[in-house]
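Residue strings, one per chain:
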Amino acid sequence: MNDSVKTDFKYVGTRPVRPDGPDKVTGRAKYGADLNLPGMLHAHYVRSPYAHAVIKSIDFSEALKLPGVIATMTGEDLPEPGDKLMQGAEIEMKLSDMAPVVMARGRAMFHGHPVAAVAATSASLAAEAAALVRVEYEVLPHVIDMHAALEDDAPLLHADLITTGLDPAPTVPSNLSVDLALEMGDVDLGFADADVVVERTYSVPMCHQGYIEPHAAIASADETGRVEIWCCTQGPFMVRNFTSQLTGIEPGKIKVTASEIGGGFGGKTTVYIEPVAAVLALKSGRPVKVVLSREEVFRATGPVSCSETRVRIGAKKDGTLTAIDIDIVMDSGCYSSSSIMPATMFGAACYRCENQRSRGREVLTNKPRVWAYRAPGAPQSIMAVECAVNELAEELGIDPVDFRLHNAVEEGDIPVFGLPFQAIGYKKALQAAKEHPHYQAPLGPGQGRGLASAFWINSGQQSSATINIALDGAINVLTGNPDIGGSRASMALLAAEVFGVPVETVHPTVADTDSVGYCDGTGGSRTTLATGGAVIQAAEKLVLELRHRAAAIWGVDLDEVEWVDGKAVARTTGDLENLMDAGAAVQLENREMSLVELAETSGATGGPLSAVASLHAHNSAPAFAINICDAAVDRETGKVDITRFTCIQDAGKAVHPAYVEGQMQGGAVQGIGWALNEEYLYDENGVLENPGFLDYRMPVASDLPMIDTVIIEEPNPLHPYGIRGVGEVPICPPMPAVATAVNRAAGTALYDLPLSPPKLLAAIDRAVE
């Protein structure tokens with residue numbers, strides 16, 4: 001292990017009460033829809049009733065006759081996007097793939113696509129006015145199924161779309177937006193060397209992140225054209241950047257304040273309503289509030305790609321993998337934005353295999369443009385590979401953990417995406433799974449057990465932090481990352497660790513874009529690693545400054561002053577001549593000054609105690625996770641009960657273990673729901689049939705057992721505290737663990753998710769025929 005990585009902690013690794021807890025349990029916390037401003041207008045959308053149509057004309061005349069209707073908007077109010085790339089996006093994306101999602105321009109591309117908006121003095125009046133807007137459409141043929149979209153006679157969504165990733169590039173447009181491939185070794189030779197080969201196709205449905213809080217924003221504009229936006233988002237700087245590029249408003253004229261956020265899971269790392277609120281505010285000269293209904297969230301924000309993955313995998317009789325071949329097709333909705341790259345890169349990242357090939361294709365259909373969900377793209381491809389690995393181990397008669405231990409990647413191995421692994425805890429996690437009481441426990445009647453591994457790369461990106469110390473020694477930590485998974489607590493713990501003071505002394509704040517340096521969004525499992533890294537650096541600057549001031553007071557050299565447990569401590573007797581002149585209350589016999597004492601005298605020793613740190617983190621490290629799932633199947637109804645579930649994960653260093661456990665449990669619940677029930681259901685007209693929680697079935701507490709957690713700590717050698725991101729990998733292993741458990745319990749081979757009761761019952765009936 002890297003000797004520069006800290007391993008002895010006083011506050012990091014403890015479980016203090018969350019800083020935002022009191023505000024949330026008392027109702028003081030302000031979410032996106034909670035802000036109201038004097039003179040505020042309410043906006044309502046006009047949405048397409050067709051899955052694909054030309055917008056021939058939009059007539060607001062009847063709507064504008066209503067008293068209190070103040071402003072209107074269409075896609076023509078946004079600048080022509082051209083071929084420019086989005087700046088500040090996590091993935092490379094054209095502005096032309098983002099702007100029409102905010103507001104249709106020329107064509108409606110999916111049912112529910114926003115084509116216009118109306119702002120009025122009340123929400124009910126805005127809805128009434130929107131119903132009076134007359135839109136003339138020319139209905140076009142649509143395509144919902146991604147396989148049908150690849151047919152030669154399929155309706156073409158974009159006449160100028162040429163597939164990227166192929167060499168030579170095609171000359172004819174199609175609905176295939178991306179076709180990429182990664183390869184290492186000789187796959188054909190690897191299969192020739194295999195004693196056993198498993199080949200199967202696995203399907204994962206389109207689903208939604210299911211965050212509890214719908215999108216909400218309010219924008220106001222002053223006479224100079226400066227815009228302020230309050231919204232629920234995972235990234236206020238992202239909102240500023242995207243809104244600027246989509247509206248043409250200069251970024252320096254946009255201030256964004258992030259409200260508390262009621263869930264995001266990647267779904268709020270983009271914009272839908274913020275540019276609309278900003279444009280309407282500028283046009284009306286009044287604040288404008290936009291709050292989506294639950295139905296609008298389901299119909300018109302970014303769901304998650306459905307996928308179909310063919311996996312072929314071969315091994316020797318001793319379990320040594322000889323070849324892995326993956327071919328995944330993903331539905332991106334009506335614009336390119338799927339996570340086909342990580343899906344192609346990471347499906348088999350847990351395994352050492354010299355011969356690998358992975359192909360990924362992104363297809364466009366008349367559905368909403370998809371967006372991120374925790375580890376975007378990875379759960380779909382990992383689902384397929386892990387199920388195939390379980391089948392292969394079973395056919396070879398090898399325990400699934402032992403099979404994985406035999407083929408597990410470790411430090412120095414190079415996966416198909418080409419980045420060598422540093423120190424990782426994958427094998428430790430596998431060993432912990434093998435030794436866990438859950439894995440060793442006998443199964444009950446009608447039960448099955450599944451196990452799955454998973455990998456996620458994690459990210460770093462840009463972050464900033466500001467720390468101010470008050471006269472009483474209170475430490476204020478400002479960052480620009482909304483807290484969606486416990487980052488306030490992490491920032492407080494990291495600052496407390498550097499200063500050596502109780503965490504209760506630290507007050508973490510999510511600041512607006514005018515009050516703190518740039519931070520990329522809360523996503524990519526990056527916040528505690530990267531923004532926490534900026535907090536560490538800012539705190540270290542202040543500790544150095546505090547030592548300087550103590551040294552000046554005592555008249556000693558800097559290297560004669562240490563910082564220990566929140567105090568400056570002199571190592572020599574030194575010259576005490578200036579002690580009284582400085583007015584410092586110093587215990588002469590101990591030669592110590594506490595943080596409070598130094599803060600009290602800061603005005604006389606150099607001024608306010610404040611520090612800023614900014615960085616571009618390149619020290620992220622991957623995360624690995626293991627899930628064990630026990631399931632029982634009612635063979636008469638097809639109902640599945642998850643009877644036991646265990647998550648094991650390498651966290652590097654768990655800054656706040658309770659939050660890490662919560663991330664693991666939350667990802668497990670979401671993956672279980674995706675495996676068993678959650679899916680988008682469209683009718684033949686391209687209309688979503690289940691746009692609400694009544695018909696879109698998500699797990700609730702009564703559906704699940706207590707989810708056990710085991711945290712493995714293999715320090716990230718690139719981070720001073722050994723931290724790894726933990727938020728995304730937990731959603732990757734549940735689907736294959738659940739699918740394997742259910743199939744073993746039911747005696748089926750059903751890999752077309754979700755494993756809903758009707759589908760599973762039909763598979764059981766087929767298996768006994």
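Residues numbered from 1 in each chain as written. Predicted model: local features only at pLDDT ≥ 70, side-chain atom pairs only at ≥ 80, totals over all residues. Heavy atoms only, no water.

(A) Examining the pattern of salt bridges more closely. For the structure on display, the rule yields 45 salt bridges. Note that Lys367 is salt-bridged to Asp331, the shortest N-O span being 2.9 Å. Taken as a pair, Lys367 in the loop between strand E15 (356-363) and helix H11 (378-396) and Asp331 in strand E14 (residues 321-331) lie far apart in primary sequence, 36 residues in all. Given a relative accessible area of 7%, Lys367 falls into the buried group. The salt bridge partner of Asp630 is Arg449, with a shortest N-O separation of 2.7 Å. Taken together, the positions of Asp630 in strand E24 (residues 623-633) and Arg449 in strand E16 (residues 447-456) put the pair 181 residues apart, joining distant regions of the chain. By the burial criterion, Asp630 is buried, and Arg449 matches it. Overlapping salt bridges, with partners in common, bring together Glu183, Asp188, Glu199, Arg310, Arg312, Asp325 and Arg357 in one network. (Salt bridge = Lys/Arg side-chain N within 4 Å of Asp/Glu carboxyl O. Helix = DSSP H or I, 4+ residues; strand = E, 2+ residues; numbered from the N terminus. Buried < 20%, exposed > 50% of the residue type's maximum accessible area, 1.4 Å probe, protein only.)

(B) Representation of the sheet that holds strand E19 (residues 506-510) within the structure. Strand order across the open sheet formed by four strands is E19-E18-E17-E23, with mixed pairing between neighbours. What marks the edges here is a single partner per strand, and that holds for E19 and strand E23 (609-617). The mean inter-strand angle of the sheet, taken between neighbouring strand axes irrespective of direction, is 20°. With five bridges joining them, strand E17 (residues 461-469) and strand E18 (residues 475-479) adopt antiparallel strand pairing. Residue pairing in the sheet places Thr466 in a bridge with Leu478 of E18. Along the sheet face, helix H15 (residues 487-499) touches E17, E18 and E19 and points at about 140° away from the line of E19. Helix H16 (residues 527-554) rests against E17, E18 and E23 of the sheet, and its axis sits at about 145° to E23. (Pairing = 2+ DSSP bridges. Axes fitted to C-alpha atoms, helices over the stretch in contact; angles between N-to-C directions. Contact = heavy atoms within 4.5 Å.)

(C) Broad picture of the packing of aromatic side chains. Scanning the model with the defined rule gives 18 aromatic pairs in all. Considering the side-chain rings of Phe298 and Tyr696, the 5.0 Å spacing of their centres and the 55° angle between planes classify their relative orientation as tilted. Here Tyr696 lies in the loop between helix H20 (657-676) and strand E26 (707-712) and Phe298 lies in helix H9 (residues 294-300), a separation of 398 residues in the sequence. For Phe298, a relative accessible area of 1% corresponds to the buried category. Aromatic side chains Phe346 and Trp456 sit 5.5 Å apart centroid to centroid with 85° between the ring planes, which places their arrangement in the edge-to-face category. One end of the pair, Phe346, is in helix H10 (residues 340-346); the other, Trp456, is in strand E16, with 110 residues separating them in the sequence. In this structure, Phe346 and Trp456 share a single accessibility class: buried. Clustering of aromatic rings is evident, with ring pairs tying together Phe346, Phe417, Phe421, Tyr426, Phe455, Trp456 and Phe624. The aromatic ring of Phe9 is capped on one face by Lys6, whose charged end is 5.4 Å from the ring centroid. The lysine or arginine in question, Arg591, covers the ring of Trp554, its NZ or CZ lying 5.2 Å from the ring centre. (Phe/Tyr/Trp six-rings, centres within 6.5 Å; stacked < 30°, edge-to-face > 60°. Lys NZ or Arg CZ within 6 Å of the ring centre and 35° of its normal.)

Purely geometric numbers; function is a separate question.
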